[in-house]
Amino acid sequence: MKEIKFSVGIWAFTSCADRFVTEGYRKSLSLTEQIKLASQIEGLDGLILQFPAVVNRENAEEAKRLLQEGKLKVSAVDAYLFGSQFSMGAFTSGNERTRRKAIEIAIGAVDMAEQLDCSYAGLWLGQDGFDYPFQANYSDLWDREIEAIREVAAHNPEVKICIEYKLKEPRMHLTIGSVGKALLICEKIAKDNVGVTLDFGHAMLGKENPAESATLLAKYNRLFSIHFNDCYRETDDDLIAGSVHSWELLELLLVLQQLEYKGWYGLDIFPYREDIVKACEYSIQNIKSLLKGLEKIDIPSLVEAQKTMNYIRIHRIIREVFYPLAD
Ligand SMILES: [Mn+2]
């Protein structure tokens, strides 16, 4: 467990606005204050940053200094491609100038990752998709999406491009909405530095089982990073990890061990009403507690039992550890 590295998306430290409380649930903090707060989180090793909204050419060296002071690394630099300028699409935009701007920002995120000694750049394309029947030429959207990712990935093969899929929101349908579509794009581009971020809540929202999605991605060497959080599967709630779907989380953690996943364990949470530091620490503790429990599970027996697909026999091995029968 010692070798696991935890990070958190810097957006957890924002005022956490929603569409009802547009001013946010707490006061806005400067980047300096956000990094200082993050450095107080017990067990945290890094931050996921955004380019150019959070880090950019003007403040990168200052951010680097603050991170070093706080003993934090950068686990990924995400391209900020979901702002209002991309409301009609980023990589999929039919307006060539807008599309070029989006590609330029994504390439900027790759360069920023390198500058901050980080080898991962994230692409979550929340505005690429459609809201209504008849609205989109699906073929054009798909082709533009793939070509743009191909171009960004070619910029620097040393930086891994992490495509983060999500079923919906803000678009009603996202172009890269499922693990299968994300994987298909990776396979079409066929470059070693193009892979996927599996976001637990996104997988749950898409009615996937995260452990199965992780396995599928790892099978094709495309499991680059994980975002932990939780949700009720209707929307992307970004709740504290391990708070709602503990079984699915436990299974994912087991599978990550079996797959020998060595990447970051990122938190992607929005603590609207909770103390930020405590919400992050609680998420990390939940994951660590489940990992501790996994140490007590008889894995060879579990693997053997899985061959039978006999659920009761299989689950009894887990239950003995997590809720033993009362006397
Ligand atoms: Mn995420």
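Reading the values: the criteria
- Residues numbered from 1 in each chain as written.
- Predicted model: local features only at pLDDT ≥ 70, side-chain atom pairs only at ≥ 80, totals over all residues.
- UniProt positions renumbered as here; feature names shortened; annotations may be inferred.
- Helix = DSSP H or I, 4+ residues; strand = E, 2+ residues; numbered from the N terminus.
- Buried ≥ 20, exposed ≤ 12 C-beta atoms within 10 Å, placed from the backbone.
- Pairing = 2+ DSSP bridges.
- Right-handed = clockwise from strand over helix to strand, strands pointing away.
- Axes fitted to C-alpha atoms, helices over the stretch in contact; angles between N-to-C directions.
- Left-handed = near helix turned anticlockwise from the far one by under 90°.
- Contact = placed C-beta atoms within 7 Å.
- Nonpolar A, V, L, I, M, F, W, Y, C, P; charged D, E, K, R; others polar.

## Points about the UniProt feature "domain: Xylose isomerase-like TIM barrel" (unreviewed entry) in the chain
Argument step 1. The feature "domain: Xylose isomerase-like TIM barrel" (unreviewed entry), as annotated in UniProt, sits at residues 53-281 in this numbering.
Argument step 2. Within the segment residues 53-281, helix and strand shares are 41% and 15% respectively, and the terminal C-alpha atoms sit 25 Å apart.

## Some points on the pairing of strand 2 (residues 46-51)
Argument step 1. With respect to burial, strand 2 is a largely interior element, 6 of its 6 residues being buried.
Argument step 2. On strand 2, burial covers both faces: G46, I48 and Q50 on one face and L47, L49 and F51 on the other are all buried.
Argument step 3. Here 3 bridges tie strand 1 (residues 6-9) to strand 2, and the two strands are oriented parallel to one another. Note that in strand 2 the partner of V8 across the bridge is L47.
Argument step 4. Each parallel crossover has a hand, and for strand 1 linked through helix 1 (residues 31-38) to strand 2 it is right-handed.
Argument step 5. Alignment of strand 2 against strand 3 (residues 73-79), held across 6 bridges, turns out to be parallel. Bridge pairing in strand 3 places G46 opposite K73.
Argument step 6. As for the winding sense of the linkage, the β-α-β connection from strand 2 through helix 2 (residues 60-69) to strand 3 is right-handed.

## A closer look at the packing of helix 3 (residues 96-115) against helix 4 (residues 138-155)
Argument step 1. In contact at an axis separation of 9 Å, helix 3 and helix 4 are set at 35 degrees when each is read in the N-to-C sense. Crossing geometry of helix 3 relative to helix 4 is assigned as right-handed. Contact with helix 3, carried on its side by R99, A102, I103, A106, I107 and V110, involves R144, A148, E151, V152 and H155 of helix 4 and no other residues of that element.
Argument step 2. Taken together, the residues of the contact of helix 3 with helix 4 sort by class into 7 nonpolar, 1 polar and 3 charged.

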